[in-house]
Amino acid sequence: MRASRIACVRVPDFALAWWLARHPEFSEVPVVLAEGQKAASPVLAVNSAAHAYDVRPGLSVSQARARAKALHVQVRDPKSEHDLSRRIVASLQSVTPAVEEDAPGLWFLESLGQGRLYGGERRFIRHVFDTLAPFALPVCVGLAGHRDVARVAAQVSSPRTFLIVPTGSERKFLAALPSHHAAAPSLAPYLRALGLDTMAQVAELPASQWAARFGSSGVQLQKLAQGLEGSPFAPETLTEPLRQEAAFDFPLFSSITLVERAEALLTPLLAVLASRQEAAYAVHVEFDLENRENVSWELALSTPVCVTAPFARQLSHALGLQPPRAGVRGIVVQIESSGAAPVEQLEWSHRPERVVPRELPHRSGEWRTPRALSAALPEAAAEWHPTEAPTPKAGLLADAPIHLPCLSSAFGLRLFSPPQRVTAVWSNGALSTLESPALHQRVQAYHGPWVVSGHWWRQPFHRLYYEVDTAGPRYLVYYDRAAGHWYVQGVFD
Amino acid sequence: MTTHASEYVELHCHSNFSFLDGASHPEELARQAARLGYRACALTDHNGLYGAVRFSRAALEAGVHPILGAEVTLEDGHHLVLLVSDETGYGHLCRLLSTAQLAAAKGHAKVSHAVLREHASGLIALSGCRHGKIPALLTAGDTQAALRAAEEYAHWFGRDRFYLELQHHHLPAHEALCERLYELGHTANLGVVATGNVHYATPHDRPLQDVLNCIRHHVTLDDAGGVLYPNAERYLMPPAAMVKKFSRYSGAVANTLDIALRCTFSFDTLPAELPAFPVPGGMSTQDYLRQLVAEGAAERYGELSAVQKSQLEHELSLIGKLNLAGYFLIVWDIARFCRERGILCQGRGSAANSAVCYCLKITAVDPIKLDLLFERFLSEERAEPPDIDVDIANHRREEVIQYVYEKYGREHAAMVCEVICYRGRLAVREVGKVLGFAGDQIDLLAKQVGHYSNGENLASHARAAGLNAADLRVRHWLDLAARLVGFPRHLGIHVGGMIVTARPLAELVPIENATHPGRSVIQWDKDDAQDAGFIKIDLLGLGMLTLIDLAGKLVQEHHGITLDWATLSYDDSNIYDLLCRAETVGVFQVESRAQMNTLPRMKPRTFYDLVVEVALIRPGPIQGGMVHPYLRRRDGKEAVTYPHPLLEPILKRTLGVPLFQEQGMKVAVAAAGFTAAQADQLRRAMGHKRSHQKMEELGLALVAGMIRNGIDQKAADEIFTQLSAFADFGFAESHAASFALLVYISAYLKVYYPAEFYCSLLNAQPMGFYSPSSVVFEARRRGLRILPVDCTKSLWDCTVEGGAVRLGFRSIKKLGPRAKEQIERALEAGSFKSLADFVHRSALDRDALEQAALVGLFRGFGLTRRQALWQLLALFQRPPGELPLSTQEEEAVMPTMLASDAVLADFQGMDLTLGPHPMKLFRAVLTRRGIRSASDLEQCAQGDVVNVAGIVVIRQRPGTAKGFLFLTLEDETGFINVVVKPDQVERFRSEVVHTTGLVVQGKVEREQGVINVIGTGFEPLRFGRTTAQLHSRDFR
């Protein structure tokens, strides 16, 4: 068998650790990473301050809050986890080109010969720590003859420490370790029930018996317990992202200009993709702001395209919602390899020869899609069915659905927000006039009152509604019993 | 009833028996109707007469004429309101509802048009709410179809018995609909009638109605939208308001009164008589009863004494006079069936006062010998029929129920229902959900509220749960949850109440399917059934009879002795010794903590002592303050005195302390010259549902009678006061005597046949106070060997094996009824030869087999628990169909299981262990901490401060205990009684209410051999993973 040395780099609770690294001010505050902000969302990871309150992964957010009043809940962001993991892969590739990303927070490095290069395996690992130091993460490293033992070694290491397992002593190293460290989750209860608490006990039972009971996962565990290689190391080759950036002589503020510039940067990237028979469905745009802050967006589509317009529209919309707080000094536009797909996979019928012209026509901030390109846009593939009006039933007598005794149903109701307070003048027991600074209408007829009440559990209301016919329009008027005031809620146009 | 132009009667009204729709109790509606000046009011719940009896009773009490009816759902989904006009109509409505309910799944009853047409006479129909066919068609604009529907209904019911219903809740659509209905009435020459479609008594109840609506639709209030009514107008409006509202619709209000005048049905006329019992040719039922009693008396008494003769004659003549011979024959027949089938049964309750019942072998206690009072059971003046309750061995009760169904036919027999009502915890949960509180907030509050809470102290529970009780939504939560408590939620089956009738039952009360297969229930509970005039027979399941039955069979099998309980002498000192030592785990009625505490003080030596013991530790005597005086007098610490010398013969047996209801009656007879029947009336007037007016009347007569008999006014007043205080709490002596029999028998089995006793106790589970784990530990402490479950030796049930008890397959938690069938079928084909053979033939599922392996079921094949599991795992991997022959692989050596792991596996798999008690595993640590065991407490003196620890096996917080909580802890040496004072309960709530294992600091209190620890400090005791497997039994 070919000799190998594999290092495993592991960051426990990767996403939370990354967030805490960026927010050191929360080191004393109980913090949890959760699937969502909702009360029922599960807690995925907790920091030590939260742990002190007996907050554990698996609780719901509200259960966690009940235990730690000052709890900060950070919602998981898989996309940024993924991005960070990719950045770490890129960093690790500067140490050794053969890197395997197993999951966010777990990477493997080919380390054979690295010891000679760096002056010993310990120094090599030190270099790995130094490389990852800018991330300020609690990294653990294990180094062993193969991938699985390296993972276990990293697993049993404390944060910011490492453990080297010399070649040939894998079985000895594993022997005393608890078996659940290495077992698949489905196996763990059986190991406990069978009293197979250590890897040594696992190793003693013949592989054939493991296979007969637990299939491949049993064999894998037994192999590992014997210090044998299980799953092979599978390094990846990182594809360089397509990237364009521009710096401006003076800060830009206009959203229209910014979108235009971003689009200009995106166009050649799409052209490159088109030349590879690929299209993009995710584009990363980052603005470098005057105040040294950066803002970025992930513009994503459900279907890959080779045109800029859908991304431009998304960016324009994003800027509309949240304009940059300072002038923009530079823009970076990037398409990750994961953000592109081969053209063959596209479902829409238009091929990428319809590359967007460099200059997209636009007018006063409102994007117009050129007619020639519209068919290429993914949304053009969707069909729109207008809602059909129900066919009236063939008439029986002069039947008609019941109409309200008032005429309101013949009109559209325009609601005032908030309703306008008015004075209702009554004479001879009948409503005669509606008055307000903006309204003075003599009442010709009215219908009602209709009683509407409710919402007692939050903000109770109790209103008497009238439809009031005046010389002018017809109004929807109500009397608020709680407040003792009259309001016009809307007008029938 | 005379009419008045401005009078209005509400004819469409839903109570909370329109489940999860109506928001007021029927009684509230009746009382509110009376307050508003209604002269009559209808109750029209959805598809049932569930609340009819209560409503009728409350309305009559309030002076309102009750009209019965229902809003039925028709086969086309439309609603129709049906009001009962007369007896025929009532029968027809019951038949309609029964047919619909029996033909549909629960909650989906629909009345077919054909059945409606056939049973329309005697009913008055209203077109219903917006879900009625006519309103729905008019709303859709289909006037012609509406006209046709109206004509059709008018044809079915008669033009003068069908009305178009106008409802107006101040909504625009209602006004339009009223106009259309009014026009339609005019066109079709049909009457119109105003109704309120009432869903609650006052507008104040509207939030509760909204909540119920949301519960029904599984939505929160915030998401409810159109599920909620738009305003609070569906309350019982003042008649004047209704008159004004409908003034423009001529006749709409006047017709309400017209209809009310035609609705004359009353429950007084309900023909609920029993079916005629088949008797031998030429005999009357009375003669036949007389003959059976004579035969039974000869068997029971031999030659009759004059007293016996006269008592039997007195009873028989009264039974004849009240025409109840048929009833006694029906119950006799049930007891006969039980005897013939070898089903253990015994009458309980006041029936044991009857010598006739004794001779008919319905009851087992001789009332003449015990000087019991027949009139407590039956008297001429008593308006109600007698109540005979029969206890039947639990495991065979279904046979008896099915016999009754078979004998009288399903048309004539059904069980009474149990109205399942909201209790505190469920109300908190459901209202919390509807108000949109988070799940864990709801959990927090719900955990604070006990299972059986009546919604009291919710505010303090909320504070304890960390909720801000001042917050509007929290206030609503607590208020609405408290109001929801007691609301009916659904129907269950009463534990044993059956009614049989001569007329088809479905014409007397609506019947519906029970969830239990093969059973049907009426829509009333036992009280309502009784109020409506039905005679109920209670066929109750009793676990102790099962135990006695099973133990008797085992004694026969292993000792060749047939135990005849009738021949026991009831004076065996060994049995009384056991009871005096309070070694009563598993003994009927005296195994509770309070009974165990009393037995060493009481020191029973005679059968009557047992009768007193059974009656003494009851809420009544405890609340009435009778326990301590009795025990002090018995102990000679207090002189035995009597309120008057006349009362000495009556109270002598209970040392001057009145304990039994019969004594109260005898006092009235002896001191005031009351007849026994009058005395019974007095007991009832003073009893549970006391009537002040009646009590005052009878009280005056009682005092006058006493003065006439030479008792001075002061003493007479004192006796009356004592009687009235006692009447509500006293216990029926006959009932206590019936139970005392079972106490003696179960103690007899425990003393002389311990293996058979414990074996049967385990097989009769669930029953009694103690979990199987406690039973097993207790048996082992008493020196009985308990053998583990073993697939080569065990049967499904536990068995007796060489003087020891062998646990059966039933001990394994994951083996349910299906597994029972599979195992028994496999065992019929021969015993199991190997693990593979067991897996193959038992065909149990994987989970069950794994659990069985871990509790050591396969030890008989020479396999340890872990070896068995290891081998099983290999067998599971075999392809389906491959024969599970022995494997060729070499034998794997699995690690030996530690004792603690074995205990954990046992609790996980069986809820009991034959290994060391979990507390024993911790004893060294506990001893280092100065924690004493249960046996150490014997050496402690009064007032010693001690630390004790144990598993909480029982928690009791009886209503009579004024907030005290009683814990029973168990360790390897026995039980520890802990008393927690109310302030400590509040302070250590989480520990004392929710913790499995407890360390308790407290003071020792000793009294006559009874040791209690009065807890002052509590901390949880953690057993690691075992903690999750231990459970207490919590009682109120």
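About the thresholds
Residues numbered from 1 in each chain as written. Chains lettered and ligands numbered in written order. Predicted model: local features only at pLDDT ≥ 70, side-chain atom pairs only at ≥ 80, totals over all residues. Heavy atoms only, no water. Helix = DSSP H or I, 4+ residues; strand = E, 2+ residues; numbered from the N terminus. Rg over C-alpha atoms; globule rule 2.2 N^0.38 Å. Contact = heavy atoms within 4.5 Å. Lys, Arg positive; Asp, Glu negative; His and termini not counted. Charge placed at Lys NZ, Arg CZ, Asp CG, Glu CD. Buried < 20%, exposed > 50% of the residue type's maximum accessible area, 1.4 Å probe, protein only. Areas by Shrake-Rupley, 256 points an atom, 1.4 Å probe, with all protein chains shown as cover. Axes fitted to C-alpha atoms, helices over the stretch in contact; angles between N-to-C directions. Parallel < 35°, antiparallel > 145°, perpendicular 65-115°, else oblique. Nonpolar A, V, L, I, M, F, W, Y, C, P; charged D, E, K, R; others polar. Pairing = 2+ DSSP bridges. Salt bridge = Lys/Arg side-chain N within 4 Å of Asp/Glu carboxyl O. Buried area = accessible area lost by both parts, 1.4 Å probe. Polar contact = N/O pair within 3.5 Å; in protein donor to acceptor, adjacent residues only side chain to side chain. Phe/Tyr/Trp six-rings, centres within 6.5 Å; stacked < 30°, edge-to-face > 60°. Lys NZ or Arg CZ within 6 Å of the ring centre and 35° of its normal. Core = buried A, V, L, I, M, F, W, Y, C linked by side-chain atoms within 4.5 Å. Left-handed = near helix turned anticlockwise from the far one by under 90°. Expected span 1.5 Å × (residues − 1). pLDDT = per-residue confidence, 0-100.

**Student:** Go over the overall build of chain B with me, naming the residues and quoting the values.
**Tutor:** Within chain B, the secondary structure is distributed over 44 helices and 23 strands. For chain B, the C-alpha radius of gyration of 33 Å lies close to 31 Å, the compact-globule estimate for 1036 residues. Across its three principal axes, chain B shows a C-alpha extent of roughly 90 × 85 × 65 Å. Intrachain contacts of chain B at a sequence separation of at least 6 include 72% that bridge at least 24 residues. A gap of 4 Å separates the mean positions of the 110 positive and 118 negative side-chain charges of chain B.

**Student:** Talk me through the overall build of chain A; I want residue IDs and the actual numbers.
**Tutor:** The helix and strand tally for chain A stands at 14 helices and 21 strands. Out of the 493 residues belonging to chain A, those deemed buried represent 45%. Restricting to contacts in chain A with at least 6 residues of sequence separation, those with at least 24 account for 56%. Of the roughly 25600 Å² of accessible surface on chain A, 53% is carried by carbon and sulfur atoms.

**Student:** Got a sec to walk through the packing of helix H8 (residues 206-217) of chain B against helix H20 (residues 472-484) of chain B? Specific residues and values, please.
**Tutor:** Residues and elements named next belong to chain B. Contact pair H8 / H20: the axes reach a minimum separation of 10 Å and the direction vectors enclose 80°. Judged on the interaxial angle alone, H20 and H8 are roughly perpendicular. Residues Pro207, Leu208, Val211, Leu212 and Ile215 of H8 form the contact with H20, whose own contacting residues are Leu480, Arg483 and Leu484. Considering only residue class, the contact of H8 with H20 consists of seven nonpolar, no polar and one charged.

**Student:** Give a detailed account of the sheet that holds strand E6 (residues 191-195) of chain B, specifying residues and quantitative values.
**Tutor:** Residue and element names in this part refer to chain B. One open sheet accounts for six strands, arranged E1-E2-E3-E4-E5-E6; its pairing is mixed. If you trace the sheet from one side to the other, it starts and ends with strand E1 (40-46) and E6, each paired once. Ignoring strand direction, the axes of neighbouring strands in this sheet form an average angle of 35°. The pairing of strand E5 (residues 162-167) with E6 spans five bridges and is parallel. Within E6, the position partnered with Gln167 by the bridge is Thr195. This element, helix H2 (residues 52-62), spans E1 and strand E2 (65-73) of the sheet and lies at about 155° to E2.

**Student:** Would you mind going over the pattern of salt bridges in detail, with residue names and values included?
**Tutor:** All names here are of chain B. For the structure shown, the criterion picks out 69 salt bridges over all chains. The partner of Glu87 in a salt bridge is Arg503, with the nearest N and O atoms 3.8 Å apart. With Glu87 in helix H3 (residues 87-103) and Arg503 in the loop between strand E10 (488-500) and strand E11 (511-513), the pair connects residues that are 416 residues apart, well separated along the chain. Of the residues examined, Glu87 reaches a relative accessible area of 37% and is grouped as partly exposed.

**Student:** Just give me the short version of the interface of chain B and chain A, but keep the residues and values in it.
**Tutor:** With 51 residues of chain B in contact, the opposing surface of chain A contributes 37 residues. When chain B packs against chain A, the two sides together hide about 3700 Å² of surface, and 60% of this comes from carbon and sulfur. For chain B, the biggest contributors to the area lost against chain A are Pro172, Asp440 and Trp870 of chain B; these three give 16% of the whole. Inspection of the chain B/chain A interface yields one salt bridge. Here Arg458 of chain A and Asp222 of chain B are joined by a salt bridge, their closest N and O atoms 2.4 Å apart. At the junction of chain B and chain A, the tally comes to 15 residue pairs in polar contact (both at pLDDT 80 or more). Looking at side-chain class alone, the side of chain B that touches chain A contains 27 nonpolar, nine polar and 15 charged residues.

**Student:** Explain the packing of aromatic side chains residue by residue, including any values.
**Tutor:** The tally for this structure, following the rule as stated, stands at 55 aromatic pairs over all chains. Their ring planes at 35° and their centres at 5.6 Å tell us that Trp210 of chain A and Phe214 of chain A sit as a pair that is tilted. Of the two residues, Trp210 of chain A and Phe214 of chain A both sit in helix H11 (residues 207-225), four residues apart, roughly one turn of that helix. You can call Phe214 of chain A buried: its relative accessible area is 11%. For the pair Trp426 of chain A and Trp486 of chain A, a centre-to-centre distance of 5.8 Å together with 50° between the ring planes defines the contact as tilted. Linking Trp426 of chain A in strand E16 (residues 413-427) with Trp486 of chain A in strand E21 (residues 485-492), this pair joins segments that are 60 residues apart in sequence. Residue class for Trp426 of chain A comes out partly exposed when judged on its relative accessible area of 35%. Judged by relative accessible area, which is 12%, Trp486 of chain A ranks as buried. Through a chain of ring-to-ring contacts, three or more aromatic side chains come together here, namely Trp426, Tyr446, Tyr466, Tyr479 and Trp486 of chain A. Of note, Arg234 of chain B hangs over the ring of Tyr229 of chain B, and the distance from its end group to the ring centre comes to 3.6 Å.

**Student:** Hey, could you go over the sheet that holds strand E15 (residues 799-801) of chain B for me, with residue numbers and the actual values?
**Tutor:** Pairing between the strands of a sheet comes from backbone hydrogen bonds, and it takes one of two forms, parallel or antiparallel. Residues and elements named next belong to chain B. With respect to topology, three strands assemble into an open sheet ordered E14-E16-E15, the strand pairing being mixed. The sheet is open, and its two borders are formed by strand E14 (786-787) and E15, each paired with just one other strand. In this structure, E15 lies alongside strand E16 (residues 804-806), joined through three bridges in antiparallel fashion. Its bridge partner being in E16, Thr799 is matched across the sheet by Arg806.

**Student:** Before we move on, could you go through the nonpolar core and cite the residues and values that matter?
**Tutor:** Residue and element names in this part refer to chain B. Core analysis: the biggest nonpolar cluster contains 154 residues, and Leu579, Leu749 and Phe858 have the highest contact counts within it. Among the elements that make up this core, the one with the highest residue count is helix H33 (residues 733-752) (twelve residues). Counting 83 residues, the second-largest nonpolar core is a separate cluster that includes Cys41, Val53, Leu93 and Leu166.

**Student:** For helix H25 (residues 607-616) of chain B, give the residues involved together with the corresponding values.
**Tutor:** One turn of the α-helix equals 3.6 residues, which is why residues spaced by three or four share an orientation. Among the ten residues that make up H25 of chain B, ten are buried, leaving the element largely enclosed by the rest of the structure. Inspection of H25 of chain B places Phe607, Tyr608, Asp609, Leu610, Val611, Val612, Glu613, Val614, Ala615 and Leu616 of chain B among the buried residues, and these make up the whole buried set.

**Student:** Outline the packing of H11 of chain A against helix H39 (residues 865-876) of chain B, supporting the account with residue identities and numerical values.
**Tutor:** Contact geometry for H11 of chain A and H39 of chain B: axes closest at 7 Å, N-to-C directions at 65°. It follows from the interaxial angle that H11 of chain A and H39 of chain B lie roughly perpendicular. Seen from above, H11 of chain A lies across H39 of chain B with left-handed handedness. Contacts between H11 of chain A and H39 of chain B involve Gln209, Trp210, Ala212, Arg213 and Phe214 of chain A from the former and Trp870, Gln871, Leu873 and Ala874 of chain B from the latter. Considering only residue class, the contact of H11 of chain A with H39 of chain B consists of six nonpolar, two polar and one charged.

**Student:** An account of helix H12 (residues 285-301) of chain B is requested, with residue identities and associated values reported.
**Tutor:** For H12 of chain B, which comprises 17 residues, the first-to-last C-alpha distance of 23 Å matches the rise-based estimate of 24 Å (1.5 Å per residue) to within 8%. Turning to H12 of chain B, the residues buried within the fold contact helix H13 (306-321), helix H14 (325-341) and helix H15 (355-359) of chain B.

**Student:** Mind laying out the environment of His169 of chain B, listing which residues take part and the relevant values?
**Tutor:** All names here are of chain B. Structurally, His169 can be placed in the loop between E5 and helix H7 (172-188). Judged by its relative accessible area of 1%, His169 falls in the buried class. With 148 residues separating them along the chain, His169 and Asp21 place their C-alpha atoms 17 Å apart. Among residues more than four places away in sequence, those in contact with His169 are His174, Gly196, Asn197, Asn231, Glu233, Arg234 and Lys245. Reaching out from His169, the side chain makes a polar contact with the backbone oxygen of Gly196 at a distance of 2.8 Å.

**Student:** Give me the confidence of the model for chain B: which residues, what numbers.
**Tutor:** Confidence along chain B averages 88 in pLDDT terms, with 94% of residues attaining 70 or more. Here the complex is predicted with pTM 0.72, and the ipTM for its interfaces comes to 0.70.

**Student:** Describe the pairing of strand E12 (residues 328-335) of chain A, with residues and values.
**Tutor:** Residues and elements named next belong to chain A. E12 sits mainly inside the fold: seven of its eight residues count as buried. Direction of pairing for strand E9 (residues 242-252) relative to E12: antiparallel, over a ladder of seven bridges. In the strand pairing of E12, Leu242 is matched with Ile335. Pairing analysis gives six bridges linking strand E10 (residues 278-289) to E12, with the strands arranged antiparallel. Across the sheet, Phe287 pairs through a bridge with Ile331, a residue of E12.

**Student:** Before we move on, can you summarise the environment of Ser436 of chain A with the specific residues and values?
**Tutor:** Residues and elements named next belong to chain A. With respect to the helices, strands and loops of the structure, Ser436 is situated in strand E17 (residues 430-436). Ser436 sits in the buried class, given a relative accessible area of 17%. Counting along the chain gives 316 residues from Ser436 to Gly120, while the straight-line C-alpha distance between them is 88 Å.

**Student:** Just give me the short version of unusual backbone geometry, but keep the residues and values in it.
**Tutor:** Geometrically, the link from Gly448 of chain A to Pro449 of chain A is a cis peptide bond, its omega value of 5° lying close to zero. Along the polypeptide, Pro449 of chain A turns up in strand E18 (residues 439-454). Across the junction of Gln765 of chain B and Pro766 of chain B, the peptide omega takes the value 0°, indicating a cis bond. Mapped onto the secondary structure, Pro766 of chain B falls in the loop between helix H34 (754-763) and helix H35 (772-781). Look at Ala136 of chain A: it is not a glycine, yet its phi comes out positive at around 55°. Along the chain, Ala136 of chain A falls in the loop between helix H6 (121-132) and strand E7 (140-144). Judged by relative accessible area, Ala136 of chain A falls into the partly exposed class, the value being 40%. In the Ramachandran plot, Lys603 of chain B falls in the positive-phi region, its phi being about 45° despite a non-glycine side chain.

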